[in-house]
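# A look at the structure
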Amino acid sequence: MEIPTKYEPGRAEKLWYEYWMKHGFFRSEPDDREPYTIVIPPPNVTGVLHMGHMLNNTIQDVLVRRARMLGKNACWVPGTDHASIATEAKVVAKLKSEGISKHDLTREEFLGHAWDWTRKHGGIILEQLKKLGASCDWDRTLFTMDAERYDSVVKVFVDLYNKGLIYRGVRMVNWDPQAKTAVSDEEVYFTEEQSKLYYVRYKIVGWNDYVTVATTRPETILGDTAVCANPNDPRYQHLKGKKIHVPMTNREVPFIFDEYVDMEFGTGCLKITPAHDINDYEIGLKHKLESIDIFNDDGTINERAGMFAGVDRFTAKELAEKELKKTGNLLKVVPYNNKIGRSERTHAIIEPRLSTQWFLTMEKISKPALDAVMNGDIHLHPSKFRNLYRHWMENVRDWCISRQLWWGHRIPAWYYNNGEIVVAENAEQALELARMKSGNARLKESDLRQDEDVLDTWFSSWLWPITSFDGINKPGNPDLKYYYPTNDLITAPEILFFWVARMIIAGYEYMGDKPFRNVYLTGLVRDQQRRKMSKSLGNSPEPLDLIEKYGADGVRVGMLLCSPAGNDLLYDDSLPEQGRNFANKIWNAFRLVNGWKTDTKIPQPESSAAAVRWMDEALKKGTAEIDSHFRRFRISEALMVVYKLFWDEFSGWYLEAIKPEFEKPADKTTYDATLGFFDRLLRLIHPFMPFISEDIWQLLAERKDGESIMISRMPESRKYNKELIARFETVKELISSVRSVRKERDIPNREKLTLIVRADEKSADSEFIPVVVKLCNLESVSFIKTKLEGAASFMVGTTEYYIPLGEKLDKKAELLKIREDIDYYRGFLASVLKKLENERFVQNAPANVLELERKKKSDTESKIKSLQEREKELKKI
RNA sequence: GGGACGUUAGCUCAGCUGGUUCAGAGCGCUUGCUUGACAGGCAAGAGGUCACUGGUUCGAUCCCAGUACGCCCCA
């Protein structure tokens, strides 16, 4: 059968993924093996796969596949997130394109559309993950808004409320006056816009004097409740304790001091409007100032302003300007560039506005989560994130958990009478509670009104490791007991606080235990200019196209090769290309071995026997290194070991060393050993490249239906012979040197050479001499004890080698080379001597270091000596 | 403004907490190769005052301080 010279990934990917699914290899049920659990960071339900997902899920799959092959009961739980903001925005946009406005729909109607959308687009992303080779237990697929998860979220809210940890409070939100809704920070974009800076004078009460304030928003003067300067500003010290009269009103407000004020900006004096500026709000809280909200929902001025009631905010600005000018309070107006926040959806200018929101008290419940990371109960990889985590957790703020949206878990709070609140799992319980609390048994369900808002998306995902096993609804169920705490969490550092920290908090609050043992933080995928990959920039390749082009294995390797933990990955097409080339290399190594015929009558050549002995040790060494890298989550380095083990050691050295002559059969012993090595290598490769490893593994021997590399055992780490490996490294150096001699003198490969070693036959690395003979195409190797004249020479370690060249010897070139070597070694010797002649070094350095330096000295001296001898000999000729 | 991290070869990064595992890897680059598995390959090479300035030490890429630049998170 003719095997193509290039590996074709498409066929293998389809064939083997179906095979794995058919045999249920991804499924996991509790048993008596050790569990290994990962819960997926749930992608947005209506999202599509991007490069970040590719990286993240490749890493998870590598870990899961490896754990499985280490004999653990591996369970990777997949699922999607309802992503309230993102999904709702998409549904709103889709309805808009059909001419439907969200405000024309009832909540139920809108949710109907949202569910339709979710059912239509939901889970596409999970199908895409399958193309990547993800070995999730698909029978466990979850959704943050499915029935069990929804109930869990509601139960947790009620529980936290009853524990007194949830409260209602005022907070500044980004208000979109056109859509009449609050929008999240993520939905606000900033543009640099030309505006004006107004210098307005405020009268100092009791004095015939003024203080000047610079502001971009004269209309909000109507809501001012203080004027503020920096406490270190000498210009305003005399105003301590004074009252200031706010123009256009009859209010007198305090003059206060706060470090927040920038002395360089404007006049160094700031008007404080707590209801309409986020920074003013903070200052207002600190100084216990009154907040006067002067705007209506639609951005018009309300009665509380005392002036301009009913006027739009932009008109109000013009009117205020006129009014101030008329009273002589407007001193000057200068052009000014500032950053204006606009709503992503309506492009209206955002109005900061106070509103009542639900909050979760964080301080108490976050304590165990801080401790867990600090005392090493949970490991962050790389560990540099510990400091960041600590800083955040020590300064944790209360969590605003309500969102003015419909798509999500509706807040289980009901209002009745005039602002009385009950919190319960459902309407019936709420009614019962309300009757009890009010003492009014006649309250009807229609007297209760449920809160319109939903919960922050993270308020469901913070429970993910628990709800993945339905741990809130069914505490202590068998799955939960077996799989919780999970092992590793793989996610991006940007959501360390939003998500990871909160999962840890929830874990201790609801399970009394950590949700996972290790957190591996991946980097961001960026393009060559270090820009984030994003849809809007259009700089992100389409992942499925990449898989099509380079193969899933190739793309996986590409993603992993260049992404050490916590470092960004600068994506370039050369990465999956390298991965594809590696797959091809494996494929061709298989073609070679597969093409050999064996003959049991042929004895094993010495060179092959030696190569087999070495390859076995090299594999043991590689396996140990891979284990060690995985223990420390150095996944790209583990892959690099596999890569070099296969490409350099196995293909480059071993296969070349044992390769039978053209169209001649191989001996059985070597052949079997080679298949054994190939098998071990494929198993090491499998977690990284599941498809090609399975494809070749299935061809390597007769396999029965139901056999698979993915359920075979990973080669185990064993002690290896360091000394033998070191000897072979010297042999490699020797072989390279002979090749150099050929290259420098243009001696073709097929021309046989003679190698002479200045050493005792027994003391040399005679074990591998047959390998050298074969790889260098040597006529013979002999040993002498004296110098040899008229030959090319070189040194490996402290041993001298000669290759007689007869006429071809270029005396001048040889001499030059020797001269260079002598100069180099003399320089080296000088640096060693400098140390050894330093008395304090000799006195203070540890014995072994001293010993090493002395050995360096004697080795180098002997090298120089033999080079000099040789130089003398050459000159004689 | 507060905080965290970083600066090592043309690029992306290792260097596991001071001494032949010390200056490394992969990619890229240069020069040869129709070498009967693979040009998606093979062979041989070139490339770095380890950001800068001080300090500690017998000895610093590694520890300390400062400077410069970069990046991220929070506000």
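Remember, it's a predicted structure, so these values are computed and weren't measured experimentally.

## A word on the protein's contact with RNA strand B
- Among the 46 residues in the neighbourhood of RNA strand B, the closest are listed as Asn387, Asn567, Asn588, Arg632 and Phe662.
- Contact between RNA strand B and Asn588: a sugar or linking oxygen at 2.7 Å from a side-chain N or O atom of the residue.
- The side chain of Arg632 places a nitrogen or oxygen atom 2.5 Å from a base oxygen of RNA strand B.
- In terms of residue count, helix H18 (residues 574–594) provides more of the surface near RNA strand B than any other element does, 9 residues in total.
- For the surface near RNA strand B, the class distribution of residues is 16 nonpolar, 12 polar and 18 charged.

## Considerations on the nonpolar core
- Formed by 181 residues in total, the largest nonpolar core has its most connected members in Leu360, Phe459 and Phe678.
- Broken down by element, the residue count for this core peaks at 14 residues, all from helix H20 (residues 635–658).
- Look past the residues within four positions of Phe459 in its chain and what remains in contact with it is Val153, Val156, Phe157, Leu160, Leu360, Trp399 and Ile401.
- Counting 29 residues, the second largest nonpolar core, distinct from the first, contains Tyr202, Ile292, Phe308 and Ala320.

## Regarding the packing of aromatic side chains
- Evaluated as defined, the whole model comprises 40 aromatic pairs.
- Aromatic side chains Trp392 and Phe497 sit 4.7 Å apart centroid to centroid with 15° between the ring planes, which places their arrangement in the stacked category. In this pair, Trp392 sits in helix H10 (residues 385–394) while Phe497 sits in helix H15 (residues 496–510), placing the two residues 105 residues apart along the sequence.
- The partly exposed category is assigned to Trp392, whose relative accessible area is 24%.
- For the pair Phe646 and Phe678, a centre-to-centre distance of 5.7 Å together with 65° between the ring planes defines the contact as edge-to-face. Placement of the pair is Phe646 in helix H20 and Phe678 in helix H21 (residues 668–685), with a sequence separation of 32 residues.
- We classify Phe646 as buried; its relative accessible area is 0%.
- For Phe678, a relative accessible area of 0% puts it in the buried group.
- Cluster of aromatic residues (ring-pair linked, three or more members): Tyr7, Phe582, Trp587, Phe590, Tyr643, Phe646, Trp647, Phe650, Tyr654, Phe677 and Phe678.
- Across the ring face of Trp138, the terminal group of Lys130 is positioned such that the distance to the ring centre comes to 4.8 Å.
- The lysine or arginine in question, Arg502, covers the ring of Trp399, its NZ or CZ lying 3.9 Å from the ring centre.

## Brief notes about the pairing of strand S19 (residues 420–423)
- Across 4 bridges, strand S18 (residues 413–416) lies against S19 in antiparallel orientation. Across the sheet, Trp414 pairs through a bridge with Val422, a residue of S19.
- Between S18 and S19, which pair antiparallel and follow one another directly, the connecting turn spans 3 residues, one of which, Asn417, has a positive phi of 45°.

## Quick look at the side chain of Ser461
- The residue Ser461 is located in helix H12 (residues 458–461) in this model.
- Apart from the residues within four sequence positions on either side, Ser461 is in contact with Asp81, Trp499 and Met503.

Cut-offs used in this document
- Residues numbered from 1 in each chain as written.
- Chains lettered and ligands numbered in written order.
- Predicted model: local features only at pLDDT ≥ 70, side-chain atom pairs only at ≥ 80, totals over all residues.
- Heavy atoms only, no water.
- Near = heavy atom within 4 Å.
- Polar contact = N/O pair within 3.5 Å; in protein donor to acceptor, adjacent residues only side chain to side chain.
- Helix = DSSP H or I, 4+ residues; strand = E, 2+ residues; numbered from the N terminus.
- Nonpolar A, V, L, I, M, F, W, Y, C, P; charged D, E, K, R; others polar.
- Core = buried A, V, L, I, M, F, W, Y, C linked by side-chain atoms within 4.5 Å.
- Buried < 20%, exposed > 50% of the residue type's maximum accessible area, 1.4 Å probe, protein only.
- Contact = heavy atoms within 4.5 Å.
- Phe/Tyr/Trp six-rings, centres within 6.5 Å; stacked < 30°, edge-to-face > 60°.
- Lys NZ or Arg CZ within 6 Å of the ring centre and 35° of its normal.
- Pairing = 2+ DSSP bridges.

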